[in-house]
Amino acid sequence: IVQNLFLFKFDILFQDIKSSMSDTFENNLVLYYCSHWNLKPAGKSLSTASSIVSPVIWNGEDCMLKIAMVKEEEQGNRLMKKWDGVASARVYMIDEKAVLLEKLSNEPNLYKMSKHGNDNEATRILCKVAQEIHSIKIKNSNTSVTNLND
């Protein structure tokens, strides 16, 4: 019983340390890019298993810093750069791991539209954006997005 109690307390302590280290690691990454790209933190970061997203200010403009934690997110960052702001946020800066994005408005809010009985209009907007993204011709690249007409 004593050994099990010890292991239980160790697991709790380890989870606290791991969580604290993770927060510190993520904060340090955000601070690195803030220093490297002359950004100012503008709110709390959101972390997922695949990326860290943090509101920042760059040249007086509200932006979003997205730091990839997995290869797929790195590919997504590069694809956003190739879209060049068409049906997506503009990319201001990019490196191997991170991208500085234009902060888009919250309107129209498709979730709220759907929740308040405007599901058809929300779906039309979503389909229009998907169609625009899938019709983009990416120049000088082996990267492609499947055209929805194909």
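Refer to the preceding data block for the structure.
From a predicted model like this one, the values you see are computed outputs, not experimental measurements.

1. Observations regarding the environment of His134
On the secondary structure map, His134 appears in helix α4 (residues 119-134). With a relative accessible area of 23%, His134 lands in the partly exposed category. It is 9.7 Å that separates the C-alpha atoms of His134 and Ala87, two residues lying 47 residues apart in sequence.

2. Considering the pairing of strand β5 (residues 91-94)
Pairing of β5 with strand β6 (residues 98-102), which is carried by three bridges, proceeds in the antiparallel orientation. Along β6, the bridge assignment pairs Met93 with Leu100. In textbook terms, the turn of a hairpin is the stretch between consecutive antiparallel strands, and for β5 and β6 this stretch comprises three residues.

3. Describing the pattern of salt bridges
Charged atoms that come close allow side chains of opposite charge to pair. Under the criterion given, the structure shown has five salt bridges. The partner of Glu74 in a salt bridge is Lys71, with the nearest N and O atoms 3.9 Å apart. With Glu74 and Lys71 both in helix α2 (residues 71-83) and three residues apart, the pair spans about one turn of that helix. Of the residues examined, Lys71 reaches a relative accessible area of 59% and is grouped as exposed. When the shortest N-O distance is used, the salt bridge between Arg124 and Glu121 registers 3.3 Å.

4. Brief notes about the side chain of Ser54
With respect to the helices, strands and loops of the structure, Ser54 is situated in strand β3 (residues 51-58). A relative accessible area of 1% places Ser54 in the buried class. Of the polar contacts made by the side chain of Ser54, one reaches the side chain of Ser45; its length is 2.9 Å. Among all residues touching Ser54, those that are not within four sequence positions of it are Val30, Gly43, Ser45, Cys63, Met64 and Leu65.

5. Details of the layout of surface pockets
Remark: the empty space left among the atoms is shown by a probe the size of a water molecule rolled over them. Of the voids in this model, the largest pocket is the one considered here, and its volume is about 230 Å³. If you go around the largest pocket, the residues you meet are Leu104, Ser105, Asn106, Glu107, Pro108, Leu110, Ile125, Leu126 and Val129. Among the elements that make up the lining of the largest pocket, the one with the highest residue count is α4 (three residues). Taken together, the residues that form the lining of the largest pocket break down as six nonpolar, two polar and one charged.

6. Some details on unusual backbone geometry
Phi at Asn38 takes a positive value of approximately 60°, unusual for a residue other than glycine. Position of Asn38 relative to the elements: it lies in the loop between α1 (2-37) and β1 (40-41). Despite not being glycine, Asn59 has its phi angle at roughly 50°, a positive value.

7. Re the nonpolar core
The biggest cluster of nonpolar side chains holds 15 residues, and the ones touching the most others in it are Trp37, Leu39, Val56, Leu65, Ile67 and Leu100. Taken together, the elements giving at least two residues each to this core come down to α1, β3, β4 (61-68) and β6. Among the elements that take part in this core, α1 stands out by supplying five residues, more than any other. In this structure, Ile67 is in contact with Leu29, Val30, Tyr33, Ser50, Ser51, Ile52, Lys97 and Ala98, ignoring residues within four places of it in sequence. With nine residues, the next largest nonpolar core counts Leu79, Trp83, Ala89 and Ile133 among its residues.

What counts and what doesn't
- The residue numbering used here restarts from 1 in each chain and proceeds along that chain's sequence as written.
- In keeping with the predicted nature of the model, local features appear solely for residues at pLDDT of at least 70, side-chain atom pairs appear and are counted solely at 80 or more, and the whole-chain, interface and lining totals rest on all residues.
- Computation of side-chain values covers all heavy atoms of the structure but excludes hydrogens and water.
- Here a helix means four or more residues in a row that DSSP labels H or I, a strand means two or more in a row labelled E, and each is numbered from the N terminus.
- Partly exposed describes any residue whose relative accessible area lies between the buried limit of under 20% and the exposed limit of over 50%, with all areas from a 1.4 Å probe on protein chains only and scaled to the type maximum.
- We treat two strands as partners when DSSP finds at least two bridges between them.
- Any carboxyl oxygen of Asp or Glu within 4 Å of a side-chain nitrogen of Lys or Arg constitutes a salt bridge here.
- Under the rule applied, a polar contact is a pair of N or O atoms within 3.5 Å (in protein, one hydrogen donor and one hydrogen acceptor; residues adjacent in sequence only if both atoms are side-chain atoms).
- Contact between two residues is taken to exist if any of their heavy atoms lie within 4.5 Å; hydrogens are not considered.
- Cavity: a set of points on a 1 Å grid over the protein atoms alone where a 1.4 Å probe fits but cannot get out. Pocket: an open set with protein on both sides within 12 Å along at least five of seven lines, its lining residues, like those of a cavity, having an atom within 4 Å of a point.
- Grid points are joined across faces, edges and corners, and a volume is the space filled by probe spheres set on the points.
- Ten residues, namely Ala, Val, Leu, Ile, Met, Phe, Trp, Tyr, Cys and Pro, are considered nonpolar, four, namely Asp, Glu, Lys and Arg, are considered charged, and the remaining ones, Gly among them, are considered polar.
- Joining through side-chain atoms within 4.5 Å is the link that ties buried Ala, Val, Leu, Ile, Met, Phe, Trp, Tyr and Cys residues into a set, and such a set is a nonpolar core.

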